[in-house]
Structure formats: structure tokens, C-alpha cells
Amino acid sequence: MKPSVILYRSLPDDLLARLESHFTVTRVNDLSPATVAAHADAFASAEGLLGSSENVDQALLDKMPRLRATSTISVGYDNFDVEALSARHIALMHTPTVLTETVADTLMALVLSSARRVVEVAERVKKGEWTQGIGPDWFGIDVHHKTMGIVGMGRIGLALAQRAHFGFGMPILYNARRHHQEAEARFNARYCDLDTLLAESDFVCIVLPLTSETFHLFDAAKLAKMKPSAVLINAGRGPVVDENALIDALKQGKIHAAGLDVFEQEPLPVSSPLLSLPNVVALPHIGSATHETRYAMAACAVDNLIDALNGKVDNNCVNPQAVK
Ligand code: DGY
């Protein structure tokens, strides 16, 4: 008999067929208590779980006594209780490699659109405001040859450094848990402590995961260390930045602008003050959202679940040491 799995995100037809060739699949819309209650038998017998953007916590695990592997269609896994999974030797699989270049493209898009006010001035054109040669009130700031500060030098940070160094001639500063020899050798990136990076960078790009250590790492005190002419870019996780402190810093001109793909609450409430600030570019968490990359992530997640339920956790597993 094929193992049972719960699928809580839609998949392209060919990937669904692949999943169904290995497992008996129950498809659900979400992992809410109501959904779990409505499919109690399926959750109780499931050995695998596949999807994204839902919380997987102790309460859910209590309803899934046979669970052996979870597979998320994302690189980030801050919505999983990794400790609870590991305590039960349940594998957590993710997609760390296939989205790197696409997310780095998104970061560069945020840098360029914040600096050159692309969204704001394009809107002005659509409103019919371009009626004569433009003056300084339409101007932006340069990106090329400015200093790029990258906070978090993982795969995505490295891909961003490559773009900034070769494409835009930008000196690179970075802060990370450890020195990154490749970034230093290939892109002449200079390691520095976070305060130095904040004081010297023209663009501060956050590419950090959300952990207890990074929660609100960018608070009022840290934002105050940035240059008033500098731009903050966040495509890591929203709660790494204290959003109220950021709003104050933007309103008071303590920093020049912000380009944000992630927020403390997603979707971003329409009442958020961020949406009324002209110097904010707000994107709907599109970091990896291209057709090609979202397909590659879903394919990777399907393969990850097949591997994990066959006892293979040497690739893309967050907690291999906990899996027996
Ligand atoms: C991820 O995979 O964690 C990204 O945030 C998706 O864009």
C-alpha cells in the first residue's frame, strides 16, 4: 500500500501526477483546525505533508501521529516548529537552491526601483502628470558605484553581491555569522560588523531568515545608525525589521527610502502607513515568484518528500541529524 500524504498547496498537473504515483494524496486548502477536523482520518494516517505558507506546530503534529516527513515549497521554514518535528524524528525538507537567482533579481529590482523611484514616477505618468520636461522633483539617486551592504551572506546574498559587483560596480560590505571566502575572493566583499555596515552602506540589503536572534534585529537604534541618504531593502522576512520603527525612520527622514518584499503581517494590511509613504516600494512577497522558479520549487519539494519518505535526507533536509 502506498503511504498517505496531505497536500495543502496546489501543484502543476505533472507534479501532482508524480506525487500520486508514489503516494495516496489527500488535497486540502489549508492546515486550519477546521480543515484538520474535517479530514481527521486523513491527517491521522498521513506519513507526509507537502505545501507552503502555513504553520506546522505542535497542535498540528498532535493530530498527525504517523507523520514522518514534511516538505515545504520554500527556502524559509520559520513557520515550522523544528524542535517539535525533530523531537519526533520527522524530517523537514525545503528548497534552498532553486530560487537563489530569482530572489537576487528581486532584490536588485527593489534597489533600482527604490533609488530611481520607478513605481512612483510610472504612476505619475499614468495619472497624466508628465506634461513637460521633468525637473528635480522626478529625480532619483544613483545605484552604480554606491556601497552595497548585505546582511546575511548565504546563497542569495552571494548572488546579490555578484550582480552588484559585476553589474553595477558597487563596493560590497557584508555581515554574516562567519566570513565568506568566495564572496571576498570573487566580489571583493569586505566583512564588517553590523554597525559599521549600517554606517557606511548606501543600500542595506537584508537577506536574513527569521529566528529568535534576527527578530526585530533592525530596531530604531539600528536604523538610526544608517546614513540619512541610505535605502533599506528587505527581502528576507518581515519581522527582522521593527516595522513601526521603520515607519518612524522614513517619516522623519532618518533614512531615504525603503524597498520591501516582506512585512510583519502578510498580506500587508491596506491601512499600513507604509502604503502612504512615497519613499516606500512595497511588493507582495514576490521574491521567488516567477513561473519558472515556482515550478522548480514545487518539483524540488515533491522530490524532497519522495526522498525523505524513502529515508533519504542527505539533500535539502533542515534536521537530518534528528531523523532516524
Ligand atoms: C521562501 O522560499 O522562503 C521565499 O520567501 C519565497 O519567496
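Here the structure is a predicted model, which is why all the values come from computation and not from measurement. (Residues numbered from 1 in each chain as written. Predicted model: local features only at pLDDT ≥ 70, side-chain atom pairs only at ≥ 80, totals over all residues. Heavy atoms only, no water.)

Moving on to the overall build of the chain. Tallying secondary structure elements over the chain gives 13 helices and twelve strands in all. Radius of gyration (C-alpha) of the chain: 22 Å, near the 20 Å computed for a compact globule of 324 residues. Summarising its shape, the C-alpha atoms of the chain cover approximately 70 × 45 × 35 Å along the three principal directions. Burial analysis of the chain (324 residues in total) assigns 50% to the buried set. For the chain, the exposed surface amounts to about 15,600 Å²; the carbon and sulfur share of it is 52%. The positive charge centre, built from 29 side chains, and the negative charge centre, built from 37, are 2 Å apart in the chain. (Helix = DSSP H or I, 4+ residues; strand = E, 2+ residues; numbered from the N terminus. Rg over C-alpha atoms; globule rule 2.2 N^0.38 Å. Buried < 20%, exposed > 50% of the residue type's maximum accessible area, 1.4 Å probe, protein only. Areas by Shrake-Rupley, 256 points an atom, 1.4 Å probe, with all protein chains shown as cover. Lys, Arg positive; Asp, Glu negative; His and termini not counted. Charge placed at Lys NZ, Arg CZ, Asp CG, Glu CD.)

Here M108 shows up in helix α6 (residues 100–116). Separated by 52 residues in sequence, M108 and L160 have C-alpha atoms that sit 7.2 Å apart. Those residues in contact with M108 that sit more than four places away from it in its chain are V143, M148, L160, R163, F168 and M170. (Contact = heavy atoms within 4.5 Å.)

Looking now at the sheet that holds strand β11 (residues 257–260). With parallel pairing, seven strands are arranged side by side in an open sheet as β8-β7-β6-β9-β10-β11-β12. At either end of the open sheet lies a strand with only one pairing partner, and these are β8 (190–191) and β12 (280–282). Bridge count between strand β6 (residues 148–151) and strand β7 (residues 172–175): four bridges; the pairing is parallel. By the bridge assignment for β7, M148 is matched with I172. (Pairing = 2+ DSSP bridges.)

Along the polypeptide, H180 turns up in the loop between β7 and α9 (181–187). Ignoring sequence-local partners within four residues, the contact set of H180 consists of M153, L158 and Y174. Here the side chain of H180 touches A183 through a polar contact of 3.2 Å, landing on its backbone nitrogen. (Polar contact = N/O pair within 3.5 Å; in protein donor to acceptor, adjacent residues only side chain to side chain.)

Right, let's talk about the packing of aromatic side chains for a bit. Using the criterion set out here, one finds two aromatic pairs in the structure. Taken together, a centroid distance of 5.7 Å and an interplanar angle of 85° make the contact between F166 and F187 edge-to-face. With F166 in helix α8 (residues 155–168) and F187 in helix α9, the pair connects residues that are 21 residues apart, well separated along the chain. Looking at F187, the relative accessible area reads 1%, which means it is buried. Plain terms: the ring middles of Y174 and Y191 are 5.3 Å apart, the flat faces sit at 85° to each other, and that makes the pair edge-to-face. Here Y174, found in strand β7, pairs with Y191, found in strand β8; they are 17 residues apart in sequence, far enough to count as distant. Judged by relative accessible area, Y174 falls into the buried class, the value being 0%. The class for Y191 is partly exposed, based on a relative accessible area of 27%. Directly above the aromatic system of W138 lies the positively charged group of R124, at a separation of 4.0 Å from the ring centroid. (Phe/Tyr/Trp six-rings, centres within 6.5 Å; stacked < 30°, edge-to-face > 60°. Lys NZ or Arg CZ within 6 Å of the ring centre and 35° of its normal.)

Any two packed helices are characterised by the angle at which their axes cross and by the distance between the axes. Between helix α1 (residues 13–22) and helix α13 (residues 291–309), whose axes approach to 10 Å, the crossing angle comes to 5°. When the axes of α1 and α13 are compared, the pair comes out roughly parallel. Note on element contacts: α13 touches α1 through Y295, A298, A299, V302, D303, L305 and I306, opposite D14, L15, R18, L19 and H22. Residues that form the contact of α1 with α13 fall into these classes: eight nonpolar, one polar and three charged. (Axes fitted to C-alpha atoms, helices over the stretch in contact; angles between N-to-C directions. Parallel < 35°, antiparallel > 145°, perpendicular 65-115°, else oblique. Nonpolar A, V, L, I, M, F, W, Y, C, P; charged D, E, K, R; others polar.)

Overall, parallel pairing links the five strands, which are arranged β2-β1-β3-β4-β5 in an open sheet. A single partner strand is all that each edge strand has here, and the edge strands are β2 (24–27) and β5 (91–93). Taken pair by pair, the neighbouring strands of this sheet meet at an average axis angle of 20°, ignoring direction. Judged from the three bridges that link them, strand β4 (residues 69–72) and β5 form a sheet pairing that is parallel. What sits directly across from S71, in β5, is M93. Those strands touched by α13 are β1 (4–7), β3 (48–51), β4 and β5, and its axis lies near 165° from that of β4.

The alternating pattern of strand β10 (residues 231–234) places V231 and I233 and L232 and N234 on opposite faces, both of which are buried. As paired elements, strand β9 (residues 203–206) and β10 share four bridges and run parallel to each other. If you follow F203 over to β10, its bridge partner there is V231. For β10 and β11, the ladder comprises four bridges, and the chain directions are parallel.

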